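So the chains spell out like this:
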Amino acid sequence: MEDDILAQIKSVIDSLQSPIADHQILLSLLCRPLDYIGLLPPQCRQFNLEPLQGSRVLDIAKTFPPLQRVLIEHVLPTWSTVLAEEGHLLLVDQYFCPDTFSFALSAAGDVVLCAYSTLLSSVLTEESIRLLAKLSTQYPIDRLHTAAFASNDLSARKSVRWDDCLRNVFAVPLKAANAVGTRDLPLELELATYFNGFSSGTERLIFTLSRSPSQDRITSVTQLLMKLVNVGVFPSSSFLPQSQPSFFRSTLATIRVKFRQDDDHSYSKFWTNTLISLPSTVAQQTIFASLCSSLAQLPSNLGVTAQDRGIVVQESLLLHAMFGTLQPESDVWNEVLGVMLSRDWKESHARIFVSWAAGAKTGPMNSEALQALLSRTLEMWCAPEHVKHSLLSRHYYVTSLLLLIVSYFPGQSECVVSTALSPSFVTAVGQYISHLDNNIRRCGMLAAEVVATRAGKNLDFGDWDGDADGKPWARDLRALCSARDVDFDPYTGDELEPATEESTPTEEIITAGVLDGAKISALKLTEASVATGYDSDDSLTGYASPISSRSASPTPSELDEMEKDPTLRVGVKKIPRPVYLAQLGEMVRNARVKPGEESQEADKIEMALNVAEELIRKKRDYGTELEENAANLVYGFTSLNDNFELDCFENNRQRTVNALVACCPRVSAACIIEEFFSNQYSTEQRFVILNALVFGARELASLPVHSASLQPLDNQRTAFPSKTLPPALHQKYLTADGQANGTVQGLLEGVTRAAIDRGKEATADKVPEFVRERQLRIRISPKVAEVSPAERRSRALLPGHTSQPHQTAFIDVAAEYFIMPFINRFWAFLRDEQTREERTAHRDALYRYHGAGTGLVLNPIVLSQFMGSLALLVHAAQNAPQWLSIIAPGALELAVALGTRPISRAVSDDKGSTGLTGEARGKEASVLTAALELSLIVLDGCLELDGGRSLGLEHTALLLGAGEWAGKIFELLEKGTLVEGGGGVHEVRLRRAAAGVLLKVDELTSKWRRSMVDVR
């Protein structure tokens, strides 16, 4: 019978590996194994048409890894989007992360253990990372411990399972970060979030195991703590950034509560036994140092109020509960003293350490520990190296520790008298008094006086009044030593009353996972408003009004349910979601509509627009499917018109064409450039083409896209910084803010402003002091050498090296597929348009052809957008190897030609006419501005790369012509000449661009003038 059930499982795996034609067949296959082990959700039982037959218990550890692997490698890449849209993705998630209703089942724990091994041993995809993020939150480490030790196997096999589990869960953040690369990592898998949650789960595990402790359980927890120490979850610094995980920052409030409620001391004993059992002394010292850094900070380190002293006793009780009674013969004595005496702590820590050594109000005074601690502290205080070389803060700490220990002994006790008469102590006092620093000298004088007084002797150096040379500190410490902290009530004022919420036990997580997030947030807001009694927005206060007799309007969720109601959509055929790019192309390019399906044309286009970008980006590195269909998709989406007034039509179309250019630049760029010069497109469609070239190029060049609505899909899904607005409002205001800077003109303005600002740095090169300072700051060390291509290839062949799929960079395709085809195709188009105008020049004005007509490429609106887009492409390709020799001179020649020569007979006919105010009728201000900004970007790039050498020496005439042109325009503008269309934004931009080109040309020619004259 067991062989029969395994054969059935093997049949399911084979079916999942084969192409699946129907969605229902896939659901039936997924339901069979889950139903057999009891993890099938109740709402999915209707799809289990052919249940597995058998009575034997299934070994999940052997049968489920192949199932999980085939789901990751075959099912999710093709069906994930369809399953998510239909609401059945949860069925696949059950194979990796069972839902909260199955949380307590033993089968769920076994499935999760297998899921970690399967996911981490495969190539991490987007779905794999999503499942790992879900596992990290829904199945914490305490639940994994229960799963690893739940079976009746031998203890050795349980230990092996636990070792494998720890190895997997600790590898998740690093592997996930390496897999996403430059994309955004889910918040749950970020280092701080992941290990802070991991720390909370560890504390819950310790609390659960403390109810029935055993040596095996202590050993398992020590293994877990050792792993946490190795990954740096126990930092020893008090000031930590939020990106740094910290065990005690996440758990200390809960630990305090449970110690207060630990009547039978089982929780405390388990902590002590676990920490003592750590096999490494370094790990023990690391945990102790991290705990000391996380202790409460007193308002004043030497405060003598009852509240301050109570806090000291509370913290000493915490140390006592975790590390036990401090005894010289205990296992942790040397480790604890090593941390106490070798690190720089504050005076408040000295008070806590002494109170802990004295017994921390848990019994009689621990004189033995105090004597041993006094001996070690006196040895440190008297060391000549400490007196001569320690910092003042360290002197304050060691002196405070010494005097606090002395104050805990009765007056004239044998231990204090022996300390006062100790030769080492007397010698050290002399060394302190002879110290040149008055503050350190006060430490020795104060110690001598206090020890002598406690020993029954009279010693007074005098001169303790005033605020200089550490006198206030000496007076505060003397007042502190007049009473013992351990004699005060530890909970005076309850200053450290921990957080009101306790750590949730493992058994209660099920209920918490079912709660709706909206209800939880509303509950928090209600509690906050009740607690404060104040509303920051009084304008939202309601007023009394009569109750309306009308029924309430339906909510958006109710409207969605009505729309999905099958009884209200009789006869309406649902548009299937495309899975392949060929299907996507048919939806936007199929001109023949079947009879009776005319009304579905809008639904097909809407479906295509909604899924196009995601599908294109998903197929980016998936064989050659995108290359084969890219041209068809470019033609389809660029020619698409909004005939049905669809929501977000323009945004979705723009994002789709952007994705085509970014994901398949070699095919899409050539097609889209050719389509731009076709006369069948409107101005809006040409703008879509230009925007796609710019945003696609910037994505390939890893440059930011300052537009909230046009961000690449991966970033948009995971990036949501607002915590105060609902998603709809956040997107609305974010988009409104980003539209001004997200267009091509907004990006161009930022680039030109940066180019002009860089001109200010040129003057700094003439000042020797500034030049030397800059070289000291940014000069690269000669020891750092670039790895040669041959060495890089040899390293790639080393064992263990995993090759990543090659990502196309913009500098590799800029000249061949973007910029030079764009420029060359424009020259050919301009030649054809001027020839066409000449052929019709003899006709009447009504029948002449005008190449600069409305909506055409040579129209000033489109032409200025064309040059702005070209300028951004040139700027993004600045590091391309062909930039100086091909791209820069070609772009500059185009800019000068379009800025000086007539491009249409209709424009040249009116060129010489002027108005009453001297307004020139030649070039539009937008065209002049775009041409000057393109020239400015080219000149700035040449200066940045080689100081303008190649442009100045090889294209001298072009450079001088650009300078003469910019100078003439600037001269006319200074005289008050008005340019057509020069009002508004172009009034400032035109003048600024002309001045910028003049300065760049002057800077370049001043550097190469002699060589330029020789060449000519």
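About the criteria used
Just so you know, the residues in each chain are numbered from 1, in the order the chain's sequence is written. This being a predicted model, a pLDDT of at least 70 is required before a residue's local features are given, and a value of 80 or more before pairs of side-chain atoms are given or counted; all residues contribute to the totals for chains, interfaces and linings. Here the side-chain values reflect all heavy atoms present in the structure, with hydrogen atoms and water set aside. Only buried residues count toward a nonpolar core, which is a set of Ala, Val, Leu, Ile, Met, Phe, Trp, Tyr and Cys residues joined through side-chain atoms within 4.5 Å. The classification of residues rests on relative accessible area computed with a 1.4 Å probe and restricted to protein chains. Under 20% of the type maximum is buried, over 50% is exposed, and intermediate values are partly exposed. In DSSP terms, a helix is any run of H or I states spanning at least four residues, a strand is any run of E spanning at least two, and both are numbered starting from the N terminus. By definition, residues are in contact when any of their heavy atoms lie within 4.5 Å. Definition used for salt bridges: Asp or Glu carboxyl oxygen within 4 Å of a side-chain nitrogen of Lys or Arg. pLDDT gives the predictor's per-residue confidence on a scale running from 0 to 100. To estimate how far a helix should extend, the number of its residues minus one is multiplied by 1.5 Å. Within this analysis, patches are made of residues with over 30% relative accessible area and no salt bridge. Like charges are joined at 9 Å or less; nonpolar side chains (Val, Leu, Ile, Met, Phe, Trp, Tyr) at 5 Å or less. Here the accessible surface of atoms and residues is derived via Shrake-Rupley with a 1.4 Å probe, and residues count as covered only by protein chains that are part of the display. For every element, the axis is a line fit to its C-alpha atoms; helices are fit only across the contacting stretch, and the angle between N-to-C directions ranges from 0 to 180 degrees. Each helix crossing is assigned a hand: it is left-handed if the near helix lies turned anticlockwise from the far helix by less than a right angle, otherwise right-handed if that turn is clockwise. Gly falls in the polar group here, along with every residue not listed as nonpolar (Ala, Val, Leu, Ile, Met, Phe, Trp, Tyr, Cys, Pro) or charged (Asp, Glu, Lys, Arg).

1. Section: the nonpolar core
So, step 1. Leu-16, Phe-288, Met-340 and Trp-381 are the most contacted members of the largest nonpolar core, which totals 170 residues.
So, step 2. It is helix H3 (residues 60–86) that provides the largest number of residues to this core, a total of 11 residues.
So, step 3. Among residues more than four places away in sequence, those in contact with Trp-381 are His-386, Val-387, Val-398, Thr-399, Leu-402, Phe-425, Ala-428, Val-429, Tyr-432, Cys-443, Gly-444 and Ala-447.
So, step 4. Judged by nonpolar contacts, the second largest core, of 115 residues, contains Val-813, Ile-823, Leu-863 and Val-874.

2. Notes on the pattern of salt bridges
Pairs may arise between side chains of opposite charge once their charged atoms sit close together.
So, step 1. By the definition in use, this model includes 32 salt bridges.
So, step 2. A salt bridge links Asp-832 to Arg-831, with the shortest nitrogen-to-oxygen separation between them at 3.3 Å.
So, step 3. On the basis of relative accessibility, which here comes to 52%, the residue Arg-831 falls in the exposed class.
So, step 4. In this structure, Lys-975 and Glu-971 form a salt bridge, with 3.3 Å as the shortest nitrogen-oxygen distance.
So, step 5. Using a relative accessible area of 61% as the deciding quantity, one classes Lys-975 as exposed.

3. Thoughts on the confidence of the model for the protein
So, step 1. For the protein, the average pLDDT comes to 81, and 80% of its residues sit at 70 or higher.
So, step 2. Confidence drops under pLDDT 50 across residues 715–724; counting only partners more than four residues distant or on other chains, this segment forms 14 contacts.
So, step 3. Confidence drops under pLDDT 50 across residues 910–921; counting only partners more than four residues distant or on other chains, this segment forms 19 contacts.

4. Remarks on helix H44 (residues 956–974)
What sets the pattern is the α-helix's 3.6 residues per turn: residues three or four places apart point alike.
So, step 1. Counted at 1.5 Å a residue, the expected span for H44 with its 19 residues is 27 Å, and the 27 Å between its end C-alpha atoms agrees.
So, step 2. Residues of H44 that are buried include every one of Thr-956, Leu-958, Leu-959, Ala-962, Gly-963, Trp-965, Ala-966, Gly-967, Ile-969 and Leu-973, and no others.
So, step 3. At the C-terminal side of H44, Gly-976 shows a positive phi close to 95°.

5. Observations concerning helix H42 (residues 925–946)
So, step 1. Along its 22 residues, H42 runs 32 Å from first to last C-alpha, staying within 8% of the 32 Å computed at 1.5 Å per residue.
So, step 2. The element H42 is largely enclosed, with a buried count of 19 among its 22 residues.

6. Observations concerning unusual backbone geometry
So, step 1. Its identity as a non-glycine residue notwithstanding, His-265 has a phi of 60°, on the positive side.
So, step 2. Here His-265 shows up in the loop between helix H11 (247–260) and helix H12 (266–276).
So, step 3. With relative accessibility at 47%, the residue His-265 sits in the partly exposed group.

7. Points about a nonpolar patch on the surface
So, step 1. The grouping of Ile-433, Leu-459 and Phe-461 at the surface amounts to a nonpolar patch, some 220 Å² of accessible area in total.
So, step 2. Note that Ile-433 resides in helix H21 (residues 423–433).

8. Focus on the packing of H3 against helix H28 (residues 601–618)
So, step 1. Close contact between H3 and H28 brings their axes to 12 Å; oriented N to C, the two are set at 145°. When you trace H3 past H28, the crossing you get is right-handed. Along its contact with H3, which presents Pro-77, Ser-80, Thr-81 and Glu-85, the element H28 presents Met-607, Glu-614 and Lys-618.
So, step 2. Class assignment of the residues belonging to the contact of H3 with H28 gives a composition of 2 nonpolar, 2 polar and 3 charged.

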